[in-house]
Each structure stands twice: as structure tokens, then as C-alpha cells.
Amino acid sequence: MNISSRKNSAVFRYRSLNRDRKVREEAGEFNIEGAKLCFEAVSCGLKITAAFITESAAAKYPAVYDALKKKTEPFVITEDISEYISDTKSPQGVFVTAEMLDKGRNTEIIESGKYVILDGLQDSGNIGTILRTADALGMDGVILSPDCCDVYSPKTVRGAMGSLFRIPFFRAVLPETIEKLKNKGFKVYAAMLDERAESLSATVFPKKTAVIIGNEGNGVSAEAAAAAENRLYIPIQNAESLNAAVACSIICWEIKRQTTERID
């Protein structure tokens, strides 16, 4: 089916999913944009509920077009519609809507591994970058507090660069989740500047490890820090602090270095 009108119901629905978290949550669906990400979504087995592609994109990315056609009949859209529904300045002309990934997922299934816990992060780009970093550095999952921004926002989906489709992630109330992890043998660290904090370079991470990264402005909440008990900090100079995603990357790298080079 060809679409050339901005008033088309499928176009309206796509834009609504892009703009409104409540619409996404009620529908249980989210949008993905770009040839590479759309191809990865199909390759990772996501259930595609709608697809849109321009004629020029179909010609430029034939493998993507063929992959989409195996999942659904893509709407062929004009360049004007592509720009209208895009969340980027230079759209590639390929878009899909997919079902959300973490329905029913719950932290009770966690028994071991290495996890990042996000406490109230509000920047979609930070969360996308952290998902990508955690995936790249071999973390086993990411736990997000209920007040973190939407993991399915267009900016987060782009920032995660496909890692959103692979790495497990959970939403959970932190203090009680941290206690449950500790009862299963996890050592939980809050990354924060505190007189009781231990330098990252001196911290020895066990194989069951979780690290809390705090809100961009306020850091780790008092409740989460109290539940964690352990604290660590990254030694820096000149600057007062690091961006949340950068701090997470440094800590994840050190966890990977230790847990892959050391045999407990």
C-alpha cells in the first residue's frame, strides 16, 4: 500500500507512538528508525507490527526491504511522509513499529551475573548509551528504577544502537530489589562521592556484582545507597563529576577486566 497523505491513520499512529510514552505503554509497542536498526530488529526476532519505507530506501537497502517483507507488508511512503514521521534531521526512509520486549520480565529470574542498576536517570541518551555499553562489555542486564525515563523513547532506541534488542532489562523498585540481590549473594555498589566510598582502582568485584548509577543531577538516592551498603568512586581531577553514561562505561570496563582476567 502506498501512503502520500499525512492524515493517513497509520502515519498518525506512528507519530503518536514517537511522541507519547503513555501511548507506547498502552499499545505495548514502540518505533524503530533507520535501515541498520530496522534490519537488526528483524534479525533479533522482534515482532514487527508495521513497516514504512520510501521507494528510494527500498532501492538503496534491498536486504532491509526483503527482510521487512518477510514480516509484514511495508507501507511505501513518500519522502514528505518520511520527513514528517522521522525523529531525526536526515531520515533514511525506513521505519518499523514493534512489540515491546520486556513484558512480564521480572528481577526474580536473576540468580547470578553482573548488572547495572539505574536510579532515576532522566536523559534518554544516557540510558541508550548505557544499554549499549552494558551489552558491549558483557554485563548480564540493566535494572531501571520506575522513575527512569522511557527506555522505548526514540532517542533511547537510537542511542542503544541495537543493544536494546539483545540485553535483558528490567523495571523494579530499587531498595527491595537490591535486598533480594544481596540475599542471592550479590555485592551491590553505589557509585557516589562519599567519605565511605572505595576507589574504583581498589575495588575487587565478585562474580555476582551490581553497580548503581545515580540520577544526573542528584546522584544515587539515599534509599538505594542505604540498601547497597557498599560505595565506590572513580578518581578524577579538575572536573567535579562525570557524565552518568561515561561513569558507567568506566566501571563496566573495570568489572569486565577483573571478572575475565581473574579466576575466583
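Small disclaimer: the values here were computed from a predicted structure and weren't measured. (Residues numbered from 1 in each chain as written. Predicted model: local features only at pLDDT ≥ 70, side-chain atom pairs only at ≥ 80, totals over all residues. Heavy atoms only, no water.)

Draft legend 1. Highlighting the sheet that holds strand β2 (residues 29-33). The five strands lie next to each other as β1-β4-β3-β5-β2, forming an open sheet whose pairing is mixed. Strand pairing shows two members of the sheet lacking a second neighbour, β1 (2-3) and β2, which therefore form its edges. Bridge count for β2 against strand β5 (residues 94-99) is five bridges, and the pairing is antiparallel. From the neighbouring strand, I32 faces β5, where its bridge partner is V96. Packed onto the sheet, helix α1 (residues 9-19) meets β1, β2, β3 (48-54), β4 (75-77) and β5 and runs at close to 95° relative to β2. Sitting on the sheet, helix α3 (residues 35-43) is in contact with β2, β3 and β5, with an inclination near 135° to β2. (Pairing = 2+ DSSP bridges. Helix = DSSP H or I, 4+ residues; strand = E, 2+ residues; numbered from the N terminus. Contact = heavy atoms within 4.5 Å. Axes fitted to C-alpha atoms, helices over the stretch in contact; angles between N-to-C directions.)

Draft legend 2. Seen up close, unusual backbone geometry. At M161, a position not held by glycine, the phi torsion is positive, near 50°. For M161, the position within the fold is in the loop between α8 (154-160) and β8 (169-171). Non-glycine residue N238 carries a positive phi angle of around 75°. Within the fold, N238 resides in the loop between β12 (230-233) and α11 (244-261).

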